[in-house]
Amino acid sequence: MPKRVDHAERRAQIAEALVRVAGRRGLHAVGMRDVAAEAGVSLRLVQYYFETKEKLLLFGLEQLAEGFRARVSARVRAAGDSPGPRATVEALLMAALPTDEESRTFHHLYTSYAVLSVNDQALAAQPFIKNPDAAEDAVTGLLRQAQEAGLLDPGLDTRLEAVSLLAMSAGLGTSVLVGQRSPEYATAVLGHHLDRIFRTHGAAGTEGDSDEGHDEGH
């Protein structure tokens, strides 16, 4: 009997090949033929599963996003049984920093996809563009929880702070990716701003001490 094909497994195999080759050469330089060669399958098979390069890119990025969510969940679990909103926000922001091979590939390809979508209507129309809005809503919700629990200044604009934190995380991630800053320094910057937002939760004197240690070199 012929071997039964697991289509989900085959699609994942092709997506993983896309991530590997794009991580080496850049998303803009990758074609379906390159992905087929990396996966060890025929170009016809790649086209059978994905039809167009845009669909292949979207599926590959969805796989990356799943990996990102798994890293966030692992960080939250590591924070304890009841980590609270600060630890959850911190886990989300820190997981986005390119500190290892997997997170570097995630940041590299996500950023490349966003840039490509500026001039490619087919890419711009994909649901990927909505993902940052979902992250913004999630962080805003966590900050509101903290505010209701008395951990934040009651007058703080939680939406504005969420946008600021996510933009900062994205910018710091790019600076780490290109070698401008170290992962340790980027982590310290994010921690500094979380301390500023959550200062009411700290012990007396936290506000005055929060700026110490952050004027060191990159």
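Residues numbered from 1 in each chain as written. Predicted model: local features only at pLDDT ≥ 70, side-chain atom pairs only at ≥ 80, totals over all residues. Heavy atoms only, no water.

1. Looking at the confidence of the model for the chain
Piece 1. Of the residues in the chain, 83% reach a pLDDT of 70 or more, and the chain-wide mean stands at 82.
Piece 2. Note on residues 200-217: pLDDT is under 50 here. Beyond four places in sequence and across chains, it has 13 contacts. (pLDDT = per-residue confidence, 0-100. Contact = heavy atoms within 4.5 Å.)

2. Here's the deal with the packing of helix α5 (residues 84-95) against helix α10 (residues 183-197)
Piece 1. Two elements in contact, α5 and α10, have axes whose closest approach is 11 Å; the angle formed by their N-to-C orientations is 150°. Classed by the angle they form, the pair α5 and α10 counts as roughly antiparallel. Taken as a pair, α5 and α10 cross one another with a handedness that is right-handed. Across the interface between the two elements, R86, V89, E90, L93 and M94 from α5 touch T187, L190, G191, L194 and D195 from α10.
Piece 2. Residue classes in the contact of α5 with α10 are distributed as five nonpolar, two polar and three charged. (Axes fitted to C-alpha atoms, helices over the stretch in contact; angles between N-to-C directions. Helix = DSSP H or I, 4+ residues; strand = E, 2+ residues; numbered from the N terminus. Parallel < 35°, antiparallel > 145°, perpendicular 65-115°, else oblique. Left-handed = near helix turned anticlockwise from the far one by under 90°. Nonpolar A, V, L, I, M, F, W, Y, C, P; charged D, E, K, R; others polar.)

3. Points about the packing of aromatic side chains
Piece 1. What the rule picks out here adds up to four aromatic pairs.
Piece 2. Aromatic side chains F68 and F106 sit 4.9 Å apart centroid to centroid with 5° between the ring planes, which places their arrangement in the stacked category. On the criterion of sequence distance, the pair formed by F68 in helix α4 (residues 53-78) and F106 in helix α6 (residues 101-119) is long-range, its members being 38 residues apart. The exposure classification of F68 matches that of F106, with both residues buried.
Piece 3. Taken together, the ring pairs connect F68, F106 and Y110 into an aromatic cluster.
Piece 4. R11 extends its terminal NZ or CZ atom over the ring of F59, reaching a point 4.4 Å from the ring centre.
Piece 5. Just above the ring of F106 sits the side chain of R71; from NZ or CZ to the centre is 5.5 Å. (Phe/Tyr/Trp six-rings, centres within 6.5 Å; stacked < 30°, edge-to-face > 60°. Buried < 20%, exposed > 50% of the residue type's maximum accessible area, 1.4 Å probe, protein only. Lys NZ or Arg CZ within 6 Å of the ring centre and 35° of its normal.)

4. A look at the environment of A36
Piece 1. Among the structural elements, A36 can be located in helix α2 (residues 32-39).
Piece 2. Discounting residues that sit within four places of it in the chain, A36 has contacts with V41, S42, L43 and V46.

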